[in-house]
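# Per-entry structural report
Chain by chain, the residues:
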Amino acid sequence: MIQANELRKHYQMGTETVHALDGVSFRIDKGEFVAITGSSGSGKSTLMNILGCLDVPTQGEYILNGKNVSSMNKRELARIRNREIGFVFQNFSLLPRMSAWENVELPLLYAGNQEAQDLAKSALEKVGLGERINHEPKQLSGGQCQRVAIARAIVHNPSIILADEPTGNLDSKTSDEIMQIFKDLNLSGRTIILVTHEGDIAIQCKRVIQVKDGKILKDYLNN
Amino acid sequence: MLFWTIVKVSLKSLLANKLRSFLAILGIILGVASVIAMVSIVNGATLSITERIKQMGTNLLIIRPGQGMQRGVASSSNVQTLTLNDASNILNKVKYIKNMAPIVNGNAQAKYMNRNTYATVVGTTLAYFEVRNFQLDEGRLFFQSEINNNAKVAILGSAILEKLFGKGPFLEETIKIKGSNFKVIGSLKTKGDMANMDEQIIIPLTTGMKQVFGITYLRGLDIQVETEEKIDEVEEEITTLLKKLHRIKPEDEPDFSIRNQKEQLENLQATTQTFTLLLGGIAAISLLVGGIGIMNIMLVTVTERTREIGIRKAIGAADQDILQQFLIEASIISGLGGVFGILVGIGISIGIESIFPTFSTKVEYSSIVISFVFSAMVGIFFGYYPAQKASALNPIDALRYE
């Protein structure tokens, strides 16, 4: 379902050209649970931005569900982000002053979905927050906020869930809870790509793609 | 995204920063309110003056002896050039004259029992009532015989009636004017304008000339022209005729003045239009300043909400959605400012009227519509740049923004 062919991304930093991605190719099938790891500056964030359709590669092809995303315009990219990708960020990235329910509704509202409210409610129930749907982010704990963010990511039934250091701001107990949610989601057939630099998180995923200096260093399955 | 959802989201973010939103709205409120109040003041003034002119009739020519103004000073009282002969010549030779009222007038003391007052005593003919649009309230007008025989009868203006008789009976009562006895035969309806028209005592022309003022010339000649369109033509004919009668060369200055009510009205309207534009324009500048206030607030808001914009884009908001959201926010500020501004503006003009009773104001519906539309446009215009800036943000940078 995801096919990356020779992805390259170059930035111009003053007079110097930075090769953030330097020819990355891989394939991820439906139902996989992949960790993309690497130290900071390895290019994993750039890769995640491209996989998440927030950015386009300088060279190479990114094919998502048979569609060549690398040649899309901004409007089409926004649509892909809305329909095909569910983001979970390290710092939760919920909108303040909006209830959990409204936060989860948002992707559906941008899609013009008429059943937004019901779908958002059931997504929140799935992550175990059915009781707190009217709370605002500041009234929720970090773990609860991340659950809201996961609910928002799955509400639209996307092809991939893309999580960027989802446990980075959480204590280890909450971290385990969140990872359990991802595992359960994966068991129910969802494709999950998790970007992390923590080894003990990566080890919980089925497959690990290790990136270094803009290239894939290792690509292996956990047993 | 659905329009109403965006409106709801925008309202929420405006409410989240109540003071700031209020200040931005206040800028527009003051702008709109000042436009409405300014225009209403000018309108009110125009209206009350035109009302007065129209009440006298716009088909009126007022002839006075002497030049109307000499070095800025009115000087008609001692000039003896206008005569009854002039009047009958005009009536016979000039076309399109509907009514003509010769006038002698002056201030005199009027007494009834132990009460007395100063009044403008006007000696004239029956035409005067028609020309000056006086309506009889009680009693009767003069008989022609009374005018021919210099009868000592008087018709009182409402203010004089009030001063001399209060609410008591007055018909057939005798009052003294300059020491002579006059029989009160009628009273006039209140005119209620500022030219003291209600402080008149009207007596027959002949009585005025011979008994009260003892003069053989006229103090004025009021002429009602058949239609407003003919007024300039008639004015010219009268000027030519009177110059001939007074043996003045056509190119020389006349020894009389003619006031043309239509011309006065036109001059007035031109002046007030200038005033409306001037004051309205000054007020519009404050509306513009309000718009700049909106732009300022919106720019701050966009910077402050960079992360929010990033999140919205990450979950699928198109540039267009973001643009719309910020434009609607700006429009809500200016729209609310517009609505409250209209209310405040109307309040100010009502307030001015009640604090200064001599000031009349008139809120023009067109000024409400124009200032509201203008304020809405100000919101969209000044909101566009910040909204455009927000929508053009790169989602990656926006997400990383702290």
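Owing to the predicted nature of the structure, the values given are computational and were not obtained by experimental measurement. (Residues numbered from 1 in each chain as written. Chains lettered and ligands numbered in written order. Predicted model: local features only at pLDDT ≥ 70, side-chain atom pairs only at ≥ 80, totals over all residues. Heavy atoms only, no water.)

## Considerations on the overall build of chain A
- The number of helices and strands found in chain A is 7 helices and 10 strands.
- Taking 223 residues into account, the globule formula puts the C-alpha radius of gyration at 17 Å, and chain A, at 17 Å, falls close to it.
- Expressed along its principal axes, the backbone C-alpha trace of chain A runs to roughly 50 × 40 × 35 Å.
- The buried share among the 223 residues of chain A stands at 54%.
- Split by element, the accessible area of chain A, about 9,900 Å² in all, is 46% carbon and sulfur.
- Within chain A, one finds 26 positive and 26 negative side-chain charges whose respective centroids are separated by 3 Å. (Helix = DSSP H or I, 4+ residues; strand = E, 2+ residues; numbered from the N terminus. Rg over C-alpha atoms; globule rule 2.2 N^0.38 Å. Buried < 20%, exposed > 50% of the residue type's maximum accessible area, 1.4 Å probe, protein only. Areas by Shrake-Rupley, 256 points an atom, 1.4 Å probe, with all protein chains shown as cover. Lys, Arg positive; Asp, Glu negative; His and termini not counted. Charge placed at Lys NZ, Arg CZ, Asp CG, Glu CD.)

## Looking at the packing of helix α2 (residues 18–56) of chain B against helix α11 (residues 319–355) of chain B
All names here are of chain B.
- Relative orientation of the contacting elements α2 and α11 amounts to 40 degrees, with a least axis distance of 6 Å. Taken together, α2 and α11 sit at an angle that is classed as oblique. Handedness of the α2/α11 crossing: right-handed. (Axes fitted to C-alpha atoms, helices over the stretch in contact; angles between N-to-C directions. Parallel < 35°, antiparallel > 145°, perpendicular 65-115°, else oblique. Left-handed = near helix turned anticlockwise from the far one by under 90°.)

## Observations regarding the domain arrangement of chain B
- Here chain B is described as being made up of domain 1 (3–52 + 266–400) and domain 2 (97–224).
- Each of domain 1 of chain B and domain 2 of chain B has a C-alpha centre, and the two are 57 Å apart. (Domains from an automatic or database assignment.)

## Thoughts on the pairing of strand β3 (residues 33–37) of chain A
All names here are of chain A.
- Most of β3 sits out of view: 5 of its 5 residues are buried.
- Alignment of β3 against strand β8 (residues 191–196), held across 5 bridges, turns out to be parallel. Looking at β8, one finds that Ile36 is bridged to Val195.
- Bridge analysis of β3 against strand β9 (residues 207–212) gives 4 bridges, and the strand direction is parallel. Note that in β9 the partner of Ala35 across the bridge is Val208. (Pairing = 2+ DSSP bridges.)

## Side note on the interface of chain B and chain A
- At the junction of the two partners, chain B supplies 25 residues and chain A supplies 22 residues.
- Here chain B packs against chain A, burying approximately 2,200 Å² in sum over the two surfaces, 60% of which is carbon and sulfur.
- Inspection of the chain B/chain A interface yields 2 salt bridges.
- Its salt-bridge partner being B:Lys12, residue A:Glu102 comes within 2.9 Å of it at the nearest N-O pair.
- Taken together, the links from chain B to chain A amount to 7 residue pairs in polar contact (both at pLDDT 80 or more).
- Of all the secondary-structure elements, those providing two or more residues to the side of chain B that touches chain A are α1 (3–16), α10 (306–314), α11 and α13 (395–400) of chain B. (Contact = heavy atoms within 4.5 Å. Buried area = accessible area lost by both parts, 1.4 Å probe. Salt bridge = Lys/Arg side-chain N within 4 Å of Asp/Glu carboxyl O. Polar contact = N/O pair within 3.5 Å; in protein donor to acceptor, adjacent residues only side chain to side chain.)

## Section: the packing of α1(B) against α11(B)
Residues and elements named next belong to chain B.
- Interaxial distance between α1 and α11 falls to 9 Å at its minimum, and their mutual angle equals 60 degrees. Of the two elements, α1 crosses α11, and the hand of that crossing is right-handed. Across from Phe3, Ile6, Val7, Val9, Ser10, Leu11, Ser13 and Leu14 in α1, the residues of α11 making contact are Gln324, Gln325, Ile328, Glu329, Ile332 and Ile333.
- Each residue belonging to the contact of α1 with α11 can be placed in one class, and the counts come to 9 nonpolar, 4 polar and 1 charged. (Nonpolar A, V, L, I, M, F, W, Y, C, P; charged D, E, K, R; others polar.)

## Overview of the sheet that holds β8(A)
Residue and element names in this part refer to chain A.
- Read from one edge of the open sheet, 6 strands run β6-β7-β8-β3-β9-β10, paired in mixed fashion. Looking at the sheet topology across the chains shown, the edges are occupied by β6 (85–88) and β10 (215–221). Ignoring strand direction, the axes of neighbouring strands in this sheet form an average angle of 20 degrees.
- Sheet analysis places β9 next to β10, joined by 6 bridges and oriented antiparallel.

## Quick look at the packing of aromatic side chains
All names here are of chain B.
- Here the structure, examined in full by the defined rule, presents 8 aromatic pairs over all chains.
- Relative to Phe129, the ring of Tyr128 lies with its centre 6.4 Å away and its plane at 80 degrees, an arrangement referred to as edge-to-face.
- Tyr128 gets classed as buried once you look at its relative accessible area, which sits at 3%.
- Members of the aromatic cluster, each reached through a chain of ring pairs, are Tyr128, Phe129, Phe134 and Phe142.
- Above the plane of the ring of Phe143 lies Arg140, whose end atom (NZ or CZ) is 4.0 Å from the centre. (Phe/Tyr/Trp six-rings, centres within 6.5 Å; stacked < 30°, edge-to-face > 60°. Lys NZ or Arg CZ within 6 Å of the ring centre and 35° of its normal.)

## A word on the sheet that holds strand β4 (residues 59–64) of chain A
Residues and elements named next belong to chain A.
- Spatially, 4 strands are ordered β2-β1-β4-β5 in an open sheet, and the strand pairing comes out antiparallel. The sheet is open, and its two borders are formed by β2 (16–28) and β5 (67–68), each paired with just one other strand.
- Bridging between β4 and β5 involves 2 bridges; their strand directions are antiparallel. For Ile63, the partnering residue across the bridge sits in β5 and is Asn68.

## Digging into the environment of A:Leu51
All names here are of chain A.
- Mapped onto the fold, Leu51 is located in helix α1 (residues 44–51).
- According to the relative accessible area criterion, Leu51 is buried, its value standing at 0%.
- Between the alpha carbons of Leu51 and Gln117 there is a distance of 28 Å; along the sequence they are 66 residues apart.
- For Leu51, the contacting residues outside a window of four places in its chain are Ile2, Phe26, Ile36, Tyr62, Ile85, Ile160, Leu162 and Ile193.

## Observations regarding a nonpolar patch on the surface
Residues and elements named next belong to chain B.
- On the surface, a cluster of nonpolar side chains totalling about 690 Å² of accessible area is made up of Leu336, Val339, Phe340, Leu343, Val369, Phe372, Val373 and Met377.
- Within the residue set of the nonpolar patch, elements represented by two or more residues are α11 and α12 (365–391).
- Mapped onto the elements of the fold, Phe372 is located in helix α12. (Patch = residues over 30% accessible without salt bridge, like charges linked within 9 Å, V, L, I, M, F, W, Y side chains within 5 Å.)

## Examining the pattern of salt bridges
Residue and element names in this part refer to chain A.
- Using the criterion set out here, one finds 25 salt bridges over all chains in the structure.
- Between Asp29 and Arg27 there is a salt bridge, with its nearest N and O atoms 3.0 Å apart.
- On the basis of relative accessible area, Arg27 is assigned to the partly exposed category, the value being 45%.
- A salt bridge links Asp219 to Arg207; the shortest N-O distance between them is 2.9 Å. You can see Asp219 sitting in strand β10 and its partner Arg207 sitting in strand β9, a full 12 residues away along the chain.
- If you follow the salt bridges from partner to partner, you end up with Glu6, Arg8, Asp22 and Lys215 in one network.

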